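So you can see what is in the structure, the chains are spelled out below.
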Amino acid sequence: MKHYTQIQDITNLKQAIKEAILLKLDPFKDQGIGKNKTLMMLFFNSSLRTRLSTEKAATNLGMNVMSMNISNAWKLEFEDGTVMDMDTTEHIKEAAQVISQYADIIAIRAFPTLEDKIKDESELILNSFKTYATVPVVSLESATGHPLQSLTDAITITEYKENPKPKVVLTWAPHPKALPQAVANSFIETMQLMDVDFTITHPEGYELNPKIVKHTQVNYNQDEALKDADFIYAKNWSSYQDYGQILSEDESWKITKDKLGKAKFMHCLPVRRNVVVDDDVLDSDQSIVIQQANNRTFAAQYILKNLLENL
Ligand code: CP
């Protein structure tokens, strides 16, 4: 693996899940691998789980970790050939090469604008680092994907499934703010690689990128889609077609105890209680969101270990 910016960077997902579960059983067994190696984490946006779990993963491997909220650095220019006489101070060409001298792996969180679909889909920030950095780059969630989260989700489903081919449903849920499609995109791409019976459900108008959804079943009737589910994964996203817009705040899409049935409840967190999902779902034994968040460490640890082994 040269970089980790999409789930497809993993050549054998089943084996990766198996190895991540083994790392969880013995997290310090590879302490020597990261000795004298540094992980640099750059945050263009907020984070709780990604920041802490990735730092923990790196520490478990014996790495040093440096983190920076990029708003505290010089404002970066990403466009080529720009006359930099406005508010950007440093070009990514210098910044990425300089940072590469301080770090063995660079990890970046950079959300979409949700205003300019073409710009967001170009993944300008992530791809600029991939172009100009001289070390591996890891996505900590980009404009269009969150592959560390979806590897985590795959590990969690594997751990908790009670039959060989569980029914997994990704359902849109209401939210007061316009959110990216990144978590849903990566979850879909990951489920397509797993042996699961997978369905997506959302209100009309919330269709995701057809290049990602491909032939995955989409059902506009949430009740029908959730029937007999083993795992319900709730997530809000803003419209892809009417890019970045909130088309519906239909409360009837909230996950309730009635809708849950016998399923396990999953969410990437943070989650807005009683907007996305009711308290009595989140507080029930069927919710595995805390265990899911714990797996963020072992997903990150698997990826960092793999990158270190290939330096
Ligand atoms: N799920 C997730 O990525 O959480 P954070 O935004 O807190 O990192």
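Calculation notes
- Numbering of residues starts from 1 in every chain and runs along the sequence as written.
- Under the rules for a predicted model, residues below a pLDDT of 70 receive no local features and side-chain atom pairs below 80 are neither given nor counted, while totals for whole chains, interfaces and linings still include all residues.
- Only hydrogens and water are set aside when side-chain values are computed; all heavy atoms of the structure are taken into account.
- Numbering goes from the N terminus for both helices and strands, where a helix is a DSSP run of H or I of at least four residues and a strand is a run of E of at least two.
- Summary of the burial criterion: residues with accessible area below 20% of their type's maximum are buried, those above 50% are exposed, and those between are partly exposed, where the area comes from a 1.4 Å probe applied to protein chains only.
- Should any heavy atoms of two residues lie within 4.5 Å, those residues are considered in contact.
- By convention here, the domain bounds are inherited from an automatic or database domain assignment.
- When two parts are brought into contact, each loses some accessible area as probed by a 1.4 Å sphere; the total of that loss over both is the buried area.
- Any Lys or Arg side-chain nitrogen found within 4 Å of a carboxyl oxygen on Asp or Glu counts as a salt bridge.
- Simply put, an axis is a line fit to the C-alpha atoms, just over the touching stretch for a helix, and the angle between two N-to-C directions goes from 0 to 180 degrees.
- To sort the angles, those under 35 degrees are grouped as roughly parallel, those over 145 as roughly antiparallel, those from 65 to 115 as roughly perpendicular, and the leftovers as oblique.
- In this scheme, a crossing is called left-handed if the near helix is turned counterclockwise away from the far one by less than a right angle; it is called right-handed if the turn is clockwise.
- When at least one non-hydrogen atom of a residue lies within 4 Å of a molecule or strand, that residue is treated as near it.
- The definition of a polar contact used here is a pair of N or O atoms within 3.5 Å, where within protein one atom must be able to donate a hydrogen and the other to accept one, and adjacent residues in sequence count solely through side-chain atom pairs.
- Per-residue and other accessible areas were derived by the Shrake-Rupley procedure at a 1.4 Å probe size, with only the shown protein chains allowed to occlude residues.
- Each residue is assigned to one class: nonpolar for Ala, Val, Leu, Ile, Met, Phe, Trp, Tyr, Cys and Pro, charged for Asp, Glu, Lys and Arg, and polar for all the others, Gly among them.

### A few points about the side chain of Thr-156
Okay, step 1: Turning to its location among the elements, Thr-156 is positioned in helix H6 (residues 147–160).
Okay, step 2: Among the residues examined, Thr-156 registers a relative accessible area of 0% and is labelled buried.
Okay, step 3: Beyond its immediate sequence surroundings of up to four residues, Thr-156 is in contact with Met-266, Ile-288, Gln-292 and Asn-295.

### A word on the domain arrangement of the chain
Okay, step 1: The domain architecture assigned to the chain consists of domain 1 (7–144 + 296–309) and domain 2 (147–292).
Okay, step 2: The C-alpha-based centres of domain 1 and domain 2 are spaced at 25 Å.
Okay, step 3: Here domain 1 meets domain 2 over a buried area of about 2400 Å², counting both sides, of which 66% is carbon and sulfur.
Okay, step 4: One can count one salt bridge joining domain 1 with domain 2.

### Description of the packing of helix H2 (residues 49–60) against helix H12 (residues 289–309)
Okay, step 1: Contact geometry for H2 and H12: axes closest at 8 Å, N-to-C directions at 50°. Taken together, the axes of H2 and H12 lie oblique to each other. By crossing handedness, the relation of H2 to H12 is classed as right-handed. Contact residues: Arg-49, Thr-50, Ser-53, Thr-54, Lys-56, Ala-57, Ala-58 and Asn-60 in H2; Ala-293, Arg-296, Thr-297, Ala-300, Gln-301 and Leu-304 in H12.

### Here we look at the site of the ligand
Okay, step 1: Taken together, Ser-47, Leu-48, Arg-49, Thr-50, Arg-109, His-146, Gln-149, Cys-268, Leu-269 and Arg-296 form the complete shell of residues around the ligand.
Okay, step 2: In the model, an oxygen atom of the ligand is placed 2.7 Å from a nitrogen or oxygen of the Leu-48 main chain.
Okay, step 3: With respect to the ligand, the backbone of Leu-269 contributes an N or O atom lying 2.9 Å from a nitrogen atom.
Okay, step 4: With the chains in place, 92% of the 250 Å² that the ligand exposes on its own is no longer accessible.
Okay, step 5: Its residues assigned to classes, the shell around the ligand comprises three nonpolar, four polar and three charged.
Okay, step 6: Viewed by domain, the shell around the ligand spans two of them, domain 1 (7–144 + 296–309) and domain 2 (147–292), each represented by three or more residues.

### Regarding the pattern of salt bridges
Okay, step 1: Within the structure shown, the criterion is met by twelve salt bridges.
Okay, step 2: Notably, a salt bridge pairs Lys-165 with Asp-195, separated by 3.9 Å at the nearest N-O pair. Of this pair, Lys-165 sits in the loop between H6 and strand S7 (167–172) while Asp-195 sits in the loop between helix H7 (182–191) and strand S8 (197–201); the two residues are 30 residues apart in sequence, bridging distant segments of the chain.
Okay, step 3: Taking relative accessible area as the criterion, Lys-165 reaches 48% and is therefore assigned partly exposed.
Okay, step 4: By relative accessible area, which is 52% here, Asp-195 ends up exposed.
Okay, step 5: Here Lys-305 ties to Glu-309 by a salt bridge, and the two come within 3.4 Å at their closest N and O atoms. Of the two residues, Lys-305 and Glu-309 are both situated in helix H12; the distance of four residues between them amounts to about one turn of the helix.
Okay, step 6: A relative accessible area of 13% means that Lys-305 is categorised as buried.
Okay, step 7: Through salt bridges with shared partners, a single network forms among Lys-29, Asp-30, Lys-305 and Glu-309.

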